[in-house]
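Topology and contacts: notes
This is what each chain is made of:
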Amino acid sequence: MSERARIDVLGVAFDNLSMDEAVERALTLMRKRRAAYVVTPNPEIVLACREDPEAAAAVAGAALTIPDGIGVIYGAKLLKTPLKERVPGIDFSTRLLEALDGSGGSVFLLGSKPGVAERAWEKLRERFPGLRLAGVHDGYFSDDGPVLEQINAAAPELLLVCLGAPKQEKWMHANAPRLQVGLMVGNGGALDVLAGDAARAPLGWQKAGLEWLYRLLKEPRRIGRMMKLPLFLVQVLRARPK
Ligand code: UDP
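The following refers to the structure shown. (Residues numbered from 1 in each chain as written. Predicted model: local features only at pLDDT ≥ 70, side-chain atom pairs only at ≥ 80, totals over all residues. Heavy atoms only, no water.)

What about the overall build of the chain?
Each helix and strand counted, the chain has 13 helices and eight strands in total. Relative to the compact-globule value of 18 Å for 242 residues, the chain shows a C-alpha radius of gyration of 17 Å, a close match. Each principal axis of the C-alpha atoms in the chain carries an extent, and together these give about 55 × 40 × 35 Å. When each of the 242 residues of the chain is scored for burial, the buried share is 48%. Restricting to contacts in the chain with at least 6 residues of sequence separation, those with at least 24 account for 76%. In the form shown here, the chain has an accessible surface area of approximately 11,700 Å², with 54% of it arising from carbon and sulfur atoms. For the chain, the distance from the average site of its 33 positive side-chain charges to the average site of its 28 negative ones is 6 Å. (Helix = DSSP H or I, 4+ residues; strand = E, 2+ residues; numbered from the N terminus. Rg over C-alpha atoms; globule rule 2.2 N^0.38 Å. Buried < 20%, exposed > 50% of the residue type's maximum accessible area, 1.4 Å probe, protein only. Contact = heavy atoms within 4.5 Å. Areas by Shrake-Rupley, 256 points an atom, 1.4 Å probe, with all protein chains shown as cover. Lys, Arg positive; Asp, Glu negative; His and termini not counted. Charge placed at Lys NZ, Arg CZ, Asp CG, Glu CD.)

What follows is the structure, encoded as structure tokens:
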């Protein structure tokens, strides 16, 4: 395994890769079929890891850590150790699905409210006709056992784990040794977006790094969570080399 070039942002070590490089690394991990997992921390998760050792251990156990939020990119820049580029979790997973479409691989969709994963699949099968569905399960279960059994019976190439952070990171960390999958990605609200329930910001907003603002305008109740962003930047400024 080649050396991982990583950049520390307030205790979370991000892999310093472009989108293309991250996808390549992920496909290599997938082929090894060791149930390695990818995490996509945003500033909120970075802060959560500082207060929750279990979340920190789960994030540290990832084989690939990609910077999902623009806040992390700003943070790394302020710390004078810039990351190559933002790698949004949903775009990253879409690239993996595209690759599986080409190779006839399968995906298991885990998470979100009942019915969402099924609707996400309806959209995905139109877009990726070569992709196979290994199964779906909603994200509101209390016993892991039957869910693990269902996943292992299908042994998918890719498992999208969309339970929200840091629950999904802890779930992947705890269950990786018992899972027969190629690769897992902790993907937050990705199934809601793929199902068409949650709209993504228009491309112009995304390019301007304003996806968070668009989300806030659409879902004002997220304000409490969004206030973590200034808090994150204050901590970055404190940690900044003189
Ligand atoms: N979720 C879930 N199980 C839970 C809690 C949350 O499946 O016990 C799902 C929820 O339905 C939503 C996703 O996890 O689809 C979290 O979405 P959010 O946009 O909050 O994700 P993040 O901001 O963490 O990417």
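Having seen the structure, we can now continue with the description.
Looking at the side chain of Ser18
Within the secondary structure layout, Ser18 lies in the loop between strand E2 (12-15) and helix H1 (19-32). For Ser18, a relative accessible area of 16% translates into the label buried.

Here's the deal with the layout of surface pockets
Counted as a void, the largest pocket has a volume near 1,500 Å³. For the lining of the largest pocket, the leading source of residues is helix H11 (residues 211-218), giving four residues. Of the residues assigned to the lining of the largest pocket, the class counts are 17 nonpolar, 13 polar and 16 charged. In this structure, the second largest pocket occupies an estimated 190 Å³ of space. (1 Å grid on protein atoms, 1.4 Å probe; cavity = no way out; pocket = protein on both sides within 12 Å on 5 of 7 lines; lining within 4 Å. Points joined across faces, edges and corners; volume = space filled by probe spheres on them. Nonpolar A, V, L, I, M, F, W, Y, C, P; charged D, E, K, R; others polar.)

Observations concerning the sheet that holds strand E4 (residues 64-65)
Pairing is parallel in the open sheet, where six strands are placed in the order E4-E3-E8-E7-E5-E6. Each edge of the open sheet carries a strand with a single partner, namely E4 and strand E6 (132-137). Judged from the five bridges that link them, strand E5 (residues 106-111) and E6 form a sheet pairing that is parallel. Its bridge partner being in E6, Val107 is matched across the sheet by Leu133. (Pairing = 2+ DSSP bridges.)

Description of the pairing of strand E7 (residues 158-162)
Most of E7 sits inside the fold, with five of its five residues counted as buried. Here E7 shows a buried face lined by Leu158, Leu160 and Cys162 and a second buried face lined by Leu159 and Val161. Direction of pairing for E5 relative to E7: parallel, over a ladder of five bridges. Looking at the pairing, Leu110 lines up with Val161 of E7. A crossover connection joins E7 to the parallel strand E8 (residues 183-186) through helix H8 (residues 167-175); in handedness this β-α-β unit is right-handed. (Right-handed = clockwise from strand over helix to strand, strands pointing away.)

Observations concerning the site of the ligand
The immediate surroundings of the ligand are formed by 16 residues, with Ser112, Gly139, Lys167, Asp192 and Arg225 found nearest. Interatomic distance of 2.6 Å between a side-chain N/O atom of Lys167 and an oxygen atom of the ligand. Arg222 is positioned such that a nitrogen or oxygen atom in its side chain is 3.3 Å from an oxygen atom of the ligand. Within the complex, 79% of the 550 Å² of free accessible area of the ligand lies under protein. Judged by the fraction of its atoms near the pocket grid, the ligand is located in the largest pocket. Here the shell around the ligand is composed, by residue class, of four nonpolar, six polar and six charged. (Near = heavy atom within 4 Å. Polar contact = N/O pair within 3.5 Å; in protein donor to acceptor, adjacent residues only side chain to side chain. Sits in = over half its atoms within 2 Å of the grid points.)

So, to be careful, I would describe these as geometric facts and stop short of saying anything about function.
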